[in-house]
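Here is how the chains run, residue by residue.
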Amino acid sequence: MNTPRIIDGKAAAREVLAAVKHEVEMLCAEGLQPCLAVVLVGNDPASRVYVRNKVERCAEVGICSIEHLLPADIDQATVLALIADLNADPRVNGILVQMPLPKQIDEAAVIQAIDPRKDVDGFHRENVGALSLGQPALYPCTPSGCMYLLNQVLGDLSGKHAVVVGRSNIVGKPMAALLLQANCTVTVLHSRSVDAPRLCREADIVIAAVGRPQLINADWLKEGAVVIDVGINRIAEADRTRLVGDVDFASASQKAAAITPVPGGVGPMTIAFLLQNTVRALRQQLSVPGAHHAL
Ligand code: GUN
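Residues numbered from 1 in each chain as written. Predicted model: local features only at pLDDT ≥ 70, side-chain atom pairs only at ≥ 80, totals over all residues. Heavy atoms only, no water.

(A) Looking closely at the side chain of glutamine 285. Relative to the elements of secondary structure, glutamine 285 occurs in helix H10 (residues 267-287). Engagement of the side chain of glutamine 285 in a polar contact is seen with the backbone oxygen of arginine 117, the distance being 3.0 Å. (Helix = DSSP H or I, 4+ residues; strand = E, 2+ residues; numbered from the N terminus. Polar contact = N/O pair within 3.5 Å; in protein donor to acceptor, adjacent residues only side chain to side chain.)

The structure is reproduced here in structure tokens:
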């Protein structure tokens, strides 16, 4: 019977957060406390939980957070005006607008309105472009967290065949760019891929980020694959709901050498890297004259 290593995302996130906390202490000693502005529009229950977790983690590592809670029926011009204020506010180092936004708001327009130096999600085209060129920038948090876990399990990733299942702007595409930068051979699978399970069976590394509950099972995997599950799906069971990933954990465990659980795998890493990006944003602003109140 195969017994995979269960990759402990909570423990890895604690390591990253401890390093961030240390950095924040050093910055605070110079009178530079990092500050993250978090914008939540509407009352989506999942988004409210995510935002609450982000604000709590900020407090734990000593980052100042400012919450802006906006009503669900707000218009686009008001949201853009708030972004402009936050861009201009020298106390604010990072801006996070929780997605998804209500349908009257153009998400792409909001993302591009954020000053790229404060774009701690790494979604602005300037940061996306820098990532694809392999230049330093603010990189998306979830893919950064996945890379941290992969480096922990495998060390050097050179020459590994990585298959990314899903091509979202938030995870799939930046994930592929980071894996390529780490010298992997990268395949991206999506809804139009022909015989995805067969292609996935070639993978040394599988990143599941499609948003389809338990899609990837043992039939998609080669023996010894390392499986990173980015999915967070709430499914209904007899009398309650349960969180599952995009991977069928029990089935995939028959073949994987290592696998992330849901919850407790990639999830905690996303917040840890958001806070790391907030510190990185402050440091970047310090090195650009005029971008921060301390200069
Ligand atoms: N909604 C789901 N994931 C994310 C994320 O990584 N960033 C933001 N801003 N919203 C999200």
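(B) Local environment of helix H2 (residues 45-61). The first and last C-alpha atoms of H2 sit 25 Å apart over 17 residues, in line with the 24 Å expected at 1.5 Å per residue. Residues of H2 that are buried: Ser47, Val51, Lys54, Val55, Cys58 and Val61. Seen end-on, H2 carries its buried residues on one side only, within an arc spanning 135 degrees. In this structure, H2 carries Pro45 and Ala59 as exposed residues pointing more than 90 degrees from its buried face. Next to the buried residues of H2 lie helix H1 (9-29), strand E2 (35-41), strand E3 (64-70), strand E4 (94-97) and H10. (Expected span 1.5 Å × (residues − 1). Buried < 20%, exposed > 50% of the residue type's maximum accessible area, 1.4 Å probe, protein only. Arc of directions from axis to C-beta. Contact = heavy atoms within 4.5 Å.)

(C) Summary view of the nonpolar core. By size, the foremost hydrophobic cluster in this structure holds 56 residues, and its most contacted members are Leu36, Ile63, Leu150, Leu179, Ile207 and Leu275. It is H10 that provides the largest number of residues to this core, a total of nine residues. Among the nonpolar cores identified, the runner-up in size contains 19 residues, and Leu86, Val92, Met99 and Phe123 belong to it. (Core = buried A, V, L, I, M, F, W, Y, C linked by side-chain atoms within 4.5 Å.)

(D) Highlighting the sheet that holds E3. Read across the sheet, three strands follow the order E3-E2-E4 without closing on themselves; strand pairing throughout is parallel. Of all strands in the sheet, those bounded by a partner on one side alone are E3 and E4. Neighbour-to-neighbour, the strand axes of the sheet open up by a mean angle of 15 degrees, direction not taken into account. Looking at chain direction, E2 and E3 are connected through seven bridges and run parallel. Note that in E3 the partner of valine 41 across the bridge is leucine 70. Helix-sheet contacts for H2 involve E2, E3 and E4, and the interaxial angle to E2 is about 165 degrees. (Pairing = 2+ DSSP bridges. Axes fitted to C-alpha atoms, helices over the stretch in contact; angles between N-to-C directions.)

(E) Structural view of helix H3 (residues 76-88). With 13 residues, H3 should cover 18 Å at 1.5 Å per step; its first-to-last C-alpha distance of 18 Å lies within 8% of that length. Looking only at H3, the buried set comprises Val79, Leu82, Ile83 and Leu86. Buried residues of H3, viewed axially, fall in a sector of 100 degrees; they line one side. Turned more than 90 degrees away from the buried face of H3, the exposed residues are Ala77, Asp85 and Ala88. Next to the buried residues of H3 lie E2, E3, E4 and helix H4 (107-113).

(F) Region of interest: the pattern of salt bridges. Taken as a whole and assessed by the stated rule, the structure comprises nine salt bridges. For arginine 198, the salt bridge goes to aspartate 195, with nearest N and O atoms at 3.6 Å. What makes aspartate 195 partly exposed here is its relative accessible area of 39%. Here arginine 201 makes a salt bridge to aspartate 219, at a shortest N to O gap of 3.4 Å. (Salt bridge = Lys/Arg side-chain N within 4 Å of Asp/Glu carboxyl O.)

(G) The arrangement of the UniProt feature "domain: Tetrahydrofolate dehydrogenase/cyclohydrolase NAD(P)-binding" (unreviewed entry) in the chain in detail. Look at the UniProt record and you will see "domain: Tetrahydrofolate dehydrogenase/cyclohydrolase NAD(P)-binding" (unreviewed entry) annotated at residues 140-285. End C-alpha atoms of residues 140-285 are separated by 18 Å, and the span's content is 36% helix alongside 19% strand. (UniProt positions renumbered as here; feature names shortened; annotations may be inferred.)

(H) The site of the ligand, seen in detail. Residues in contact with the ligand, as listed here, are Leu96, Val97, Gln98, Met99, Asp121 and Phe123. At 3.0 Å from a nitrogen atom of the ligand is found a main-chain nitrogen or oxygen belonging to methionine 99. Here aspartate 121 contributes a side-chain N or O atom positioned 2.6 Å from a nitrogen atom of the ligand. When isolated, the ligand has an accessible area of 280 Å², and the protein chains bury 80% of it. Partitioning the shell around the ligand into residue classes produces four nonpolar, one polar and one charged. (Near = heavy atom within 4 Å. Areas by Shrake-Rupley, 256 points an atom, 1.4 Å probe, with all protein chains shown as cover. Nonpolar A, V, L, I, M, F, W, Y, C, P; charged D, E, K, R; others polar.)

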